[in-house]
Amino acid sequence: MVFSEGETLLDTYEHLFRIKREQFKEKNLPKSPIEDISEEMTYGYGEYTCPHSGETLFSTDALRLHELMNPGGSNGELFGQTMATLEMLWLIHILRAFEKKNWLATLRRVAFIMDGPLAVFSTSAWLTKVINHELIRINDLQKKINGQDLFIIGIEKSGTFFNHFLDIDTTEDGIVDKFPKQSALLLNDAYIKKNIIFSESTKPYGQDTYFGRKLFYKTASGHKIVPVVACYNDQHKDLNTANPSQFSRLADIMNLLDQLISSRYPNSVSPLVSAHAEAAIPLNLGKRIFEDIAREIREKAVV
């Protein structure tokens with residue numbers, strides 16, 4: 001858990017899992033994770049017994065990360081997807097902690113910046129819908145208090161989108177700095193499929209994996225950033241168009257990125273650099289630090 005008391009990360013996960021089972025039911029369940037059992041997976045909470053084999057199952061088996069295990073080779077994908085999945089769960093865990101502690105009013109002073117896209121891939125992609133569902137619920141609650149959407153963005157520091165941004169910032173003669181500073185390119189589905197992720201699919205890009213949408217932004221200092229902005233309603237998620245109103249708090253995002261750009265890592269922002277530097281911080285100390293930060297924000301709000 002992120003605070004010294006309250007629900008655990010497992011509690012948060014099982015809350016999301018319950019939403020999945022109640023509101024996003026699967027037509028075809030995955031196979032049991034137990035070897036030599038060909039039956040469908042039996043869902044449950046906590047630690048429970050498989051009715052077909054008598055073996056122990058866990059609620060987290062529904063993430064199906066075990067399917068990525070490669071007994072005879074590298075397990076880089078397994079470790080990478082496990083880490084990425086936990087990062088998205090932590091985001092919701094923290095937001096739920098703010099709600100349970102009646103701290104929603106402080107969220108008007110907080111920006112959440114994730115390392116990477118606002119998405120869940122691979123076997124755990126089902127979390128995308130339930131995370132978006134819970135995110136919308138919490139956002140609606142705090143918006144009644146704060147009058148504005150949550151500030152949540154991801155930063156893609158590399159990959160196909162960032163490489164494309166580099167391309168359109170370069171002239172035919174190889175001169176960099178073609179894209180105007182303090183300008184944003186808002187991406188829609190047609191542009192993405194024509195220029196970045198070449199596809200003729202009728203399904204919108206990232207529909208099953210993303211709970212945010214991307215843009216390109218060139219800061220006042222000339223750094224290129226690929227933010228992913230959280231979606232809080234169906235209009236935000238409609239990739240047929242790309243209007244400023246579909247990118248929540250766009251002006252605030254551009255302004256903050258101008259201030260937070262890292263001079264050391266030109267395609268990142270300073271909070272992510274600091275977070276990586278402190279990644280080895282002991283767990284209990286990390287809890288205390290987070291509580292201290294939250295307390296400081298509340299005290300400033302009172303003043």
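Structure first, text after, so check above.
A brief look at the structure comes next.

Calculation notes
- Residues numbered from 1 in each chain as written.
- Predicted model: local features only at pLDDT ≥ 70, side-chain atom pairs only at ≥ 80, totals over all residues.
- Heavy atoms only, no water.
- Axes fitted to C-alpha atoms, helices over the stretch in contact; angles between N-to-C directions.
- Helix = DSSP H or I, 4+ residues; strand = E, 2+ residues; numbered from the N terminus.
- Parallel < 35°, antiparallel > 145°, perpendicular 65-115°, else oblique.
- Left-handed = near helix turned anticlockwise from the far one by under 90°.
- Contact = heavy atoms within 4.5 Å.
- Nonpolar A, V, L, I, M, F, W, Y, C, P; charged D, E, K, R; others polar.
- Expected span 1.5 Å × (residues − 1).
- Salt bridge = Lys/Arg side-chain N within 4 Å of Asp/Glu carboxyl O.
- Buried < 20%, exposed > 50% of the residue type's maximum accessible area, 1.4 Å probe, protein only.
- Phe/Tyr/Trp six-rings, centres within 6.5 Å; stacked < 30°, edge-to-face > 60°.
- Core = buried A, V, L, I, M, F, W, Y, C linked by side-chain atoms within 4.5 Å.

### Description of the packing of helix 2 (residues 76-100) against helix 3 (residues 127-146)
In step 1: Here helix 2 crosses helix 3 at 25°, and the two axes come no closer than 11 Å. Taken together, helix 2 and helix 3 sit at an angle that is classed as roughly parallel. Crossing geometry of helix 2 relative to helix 3 is assigned as left-handed. The residues of helix 3 that touch helix 2, namely those facing Thr 85, Met 88, Leu 89, Ile 92, Leu 95, Arg 96 and Glu 99, are Leu 127, Ile 131, Glu 134, Leu 135, Arg 137, Ile 138 and Leu 141.
In step 2: Its residues assigned to classes, the contact of helix 2 with helix 3 shows nine nonpolar, one polar and four charged.

### Structural notes on helix 2
In step 1: In this model helix 2 runs 36 Å from its N-terminal to its C-terminal C-alpha over 25 residues, within 8% of the 36 Å that 1.5 Å per residue would give.
In step 2: With its phi angle positive at about 60°, Asn 102 sits one or two positions after the end of helix 2.

### Things to note about the pattern of salt bridges
In step 1: For the structure on display, the rule yields 17 salt bridges.
In step 2: Here Glu 67 and Arg 64 are joined by a salt bridge, their closest N and O atoms 2.8 Å apart.
In step 3: The exposure class of Glu 67 is partly exposed, given its relative accessible area of 37%.
In step 4: Across the pair Glu 99 and Arg 137 runs a salt bridge whose closest N-O atoms are separated by 2.8 Å. Of this pair, Glu 99 sits in helix 2 while Arg 137 sits in helix 3; the two residues are 38 residues apart in sequence, bridging distant segments of the chain.
In step 5: The structure contains a network of salt bridges with shared partners spanning Glu 7, Arg 96, Glu 99, Lys 100, Glu 134 and Arg 137.

### Some points on helix 3
In step 1: Taking 1.5 Å as the rise per residue, helix 3 with 20 residues should run 28 Å; its terminal C-alpha atoms sit 27 Å apart, in good agreement.
In step 2: Three or more residues of helix 3 are buried, namely Leu 127, Thr 128, Val 130, Ile 131, Asn 132, Glu 134, Leu 135, Ile 138, Asn 139, Gln 142 and Asn 146.
In step 3: The elements touched by buried residues of helix 3 are helix 1 (9-23), helix 2, strand 4 (151-155), strand 8 (227-230) and helix 6 (234-237).
In step 4: A positive phi of about 75° marks Gly 147, the residue just after helix 3.

### Quick word on the packing of aromatic side chains
In step 1: On inspection of all chains with the given rule, the structure shows 11 aromatic pairs.
In step 2: Ring geometry for Phe 17 versus Trp 126: centroids 5.9 Å apart, planes at 45°, classification tilted. Taken together, the positions of Phe 17 in helix 1 and Trp 126 in the loop between strand 3 (111-115) and helix 3 put the pair 109 residues apart, joining distant regions of the chain.
In step 3: The exposure class assigned to Phe 17 is buried, which follows from its relative accessible area of 0%.

### Some words on the nonpolar core
In step 1: Membership of the largest hydrophobic core comes to 43 residues, with the highest contact counts inside it found for Leu 95, Leu 127, Leu 135 and Ile 152.
In step 2: When residues of this core are traced back to their parent elements, those giving at least two are helix 1, helix 2, strand 3, helix 3 and strand 8.
In step 3: The greatest single-element share of this core, amounting to nine residues, is contributed by helix 2.
In step 4: Beyond its immediate stretch of four places on either side in the chain, Leu 127 contacts Leu 16, Leu 63, Thr 85, Leu 89 and Val 120.
In step 5: Grouped together as the second largest cluster of nonpolar side chains are 17 residues, Phe 151, Ile 153, Phe 247 and Ile 261 included.

### A few points about the side chain of Thr 85
In step 1: Residue position: Thr 85 is located in helix 2.
In step 2: The contact partners of Thr 85, leaving out residues within four places of it in the chain, are Leu 63, Leu 65, Val 120, Ser 124 and Leu 127.

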